[in-house]
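Close look at the chain arrangement
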Amino acid sequence: MRIAIRTGTLYDGTDAAPRTNVTLVVEDGRIARIAGSDEPTDAARTYEAASVIPGLINSHVHLEVNGEPDTSTFFLLRTPVERTLDAARNARLALEAGVTTVRDLGGSESNAIALRDAIARGEHAGPTIIPAGRALCMTGGHGAFIGRETDGPWDARKAVREQRKAGAECIKLIATGGVLTKGAVPGLDQLTEEEMRAAIVEASAHGMRVAAHAIGTSGIKNALRAGVTSIEHGHLLDDEAIELFKARDAYLVPTLAAVWRIFENVAGGAQPDYVVRKATEIYHQAGDNIRKAYRAGVKIAGGSDAGTPYNRHEDYAYEVELMSTVLGMTAQQALTAATSTAAELLGADAGVLAPGRPADLLLLSGDAGADVRALREPRVVIKGGAVAHERA
Ligand SMILES: [Zn+2]
């Protein structure tokens with residue numbers, strides 16, 4: 001079916017100047033052409049929108065969790081079937097909120113993998129999913145209750161092969177402690193540089209990209225030297241880490257919402273004390289550090305760590321807002337981080353609106369390049385050239 005969209009302002013997902021008063025013609029899942037506003041289109045249906053942007057890409061989610069205040073305990077009490085149902089619902093909610101691609105960076109069984117396939121077959125509503133399978137962590141490390149514990153380079157390679165066998169498309173490594181695991185110290189190293197290098201060599205052989213959870217300064221640098229494609233969080237980075245990011249051409253996925261949502265909801269009293277304590281320490285350093293990295297030219301890709309406390313899959317717009325307010329990006333730069341830059345990181349054919357590219361796009365009631373809050377509640381979500389969600 002041919003769809004036409006007439007819009008006042010088109011942001012193509014890059015930092016290029018927006019085009020005004022254009023008509024996008026969508027056909028066979030792709031953008032057929034971008035023409036003038038009065039172009040006849042012969043379309044079955046014509047939409048109007050104040051602005052149009054690519055579908056959002058969330059580079060860091062956990063589909064099996066929903067933002068419960070005590071995420072780890074919730075997860076442990078959930079049955080495998082309940083996790084499957086949660087993941088399917090979160091995928092649908094994310095899509096309805098305008099997220100058309102996600103990278104799932106760690107789950108329990110093969111939920112995100114099976115869901116990817118079901119969505120691709122058209123059996124479930126949801127974004128395109130790029131799953132990591134289970135995260136690789138050291139024995140007793142951050143996320144050990146959910147991840148694949150691994151020790152030593154050869155076992156790390158075997159753990160990568162296991163994720164690939166299960167259907168994963170990328171790999172997640174745990175380089176430092178984290179906030180949501182009791183007893184894990186975010187500032188301290190976990191997997192060694194040697195273990196991570198072995199995992200990366202193995203993953204690369206199969207064309208899989210590698211993301212590392214790294215909050216502490218030393219672990220960030222270990223992961224960068226080992227050769228990861230992206231650092232997730234990166235909150236305690238220093239000047240030497242910034243140089244390593246640039247020398248290795250690595251991406252930083254700042255997941256600001258994960259920290260900000262915990263900090264904003266401390267008064268509710270529902271989060272474990274250890275979570276509040278660790279997140280508060282990070283909160284007071286993360287904004288300055290990541291802003292410094294951004295200003296120094298480190299590539300920032302949007303990702304929210306959706307599923308962590310009060311950080312819901314349908315709330316990715318908040319991460320985009322934080323990239324603007326905390327890091328000092330313009331609204332359009334924040335959109336770019338959440339679309340084309342994220343697509344580059346993931347190696348996904350998405351995130352840019354141009355003839356021949358997939359028709360994943362959002363119709364907004366306001367101008368998202370003027371005010372990033374226009375991202376909230378997109379009026380129409382189009383994925384793969386079909387209307388996935390429409391608000392009255
Ligand atoms: Zn995460």
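Provided above is the structure to which this section pertains.
Everything in this summary refers to the structure shown in the same document.

How each quantity is defined
- Residues numbered from 1 in each chain as written.
- Predicted model: local features only at pLDDT ≥ 70, side-chain atom pairs only at ≥ 80, totals over all residues.
- Helix = DSSP H or I, 4+ residues; strand = E, 2+ residues; numbered from the N terminus.
- Rg over C-alpha atoms; globule rule 2.2 N^0.38 Å.
- Buried ≥ 20, exposed ≤ 12 C-beta atoms within 10 Å, placed from the backbone.
- Contact = placed C-beta atoms within 7 Å.
- Core = buried A, V, L, I, M, F, W, Y, C linked by C-beta atoms within 7 Å.
- Domains from an automatic or database assignment.

**What about the overall build of the protein chain?**
Each helix and strand counted, the protein chain has 12 helices and 17 strands in total. Relative to the globule expectation of 21 Å for 392 residues, the C-alpha radius of gyration of the protein chain, 20 Å, shows essentially globular dimensions. By principal-axis analysis of the C-alpha atoms, the protein chain measures approximately 60 × 45 × 40 Å. Across the 392 residues in the protein chain, those meeting the buried criterion constitute 58%.

**Some points on helix H8 (residues 256–264)**
Extensive coverage of H8 is indicated by the burial of seven of its nine residues. For H8, every residue scored as buried is listed here: Leu 256, Ala 257, Ala 258, Val 259, Trp 260, Arg 261 and Ile 262. Tucked into the core, H8 has its buried residues touching helix H9 (273–295) and helix H10 (316–325).

**Side note on the nonpolar core**
Ranked by size, the top nonpolar core spans 124 residues in total, and within it Ile 171, Leu 173, Ala 199, Val 210, Ala 223 and Val 228 carry the most contacts. Counting residues per element, this core draws most heavily on H9, which supplies seven residues. Taken domain by domain, this core gets at least three of its residues from each of domain 1 (3–54 + 353–390) and domain 2 (56–346).

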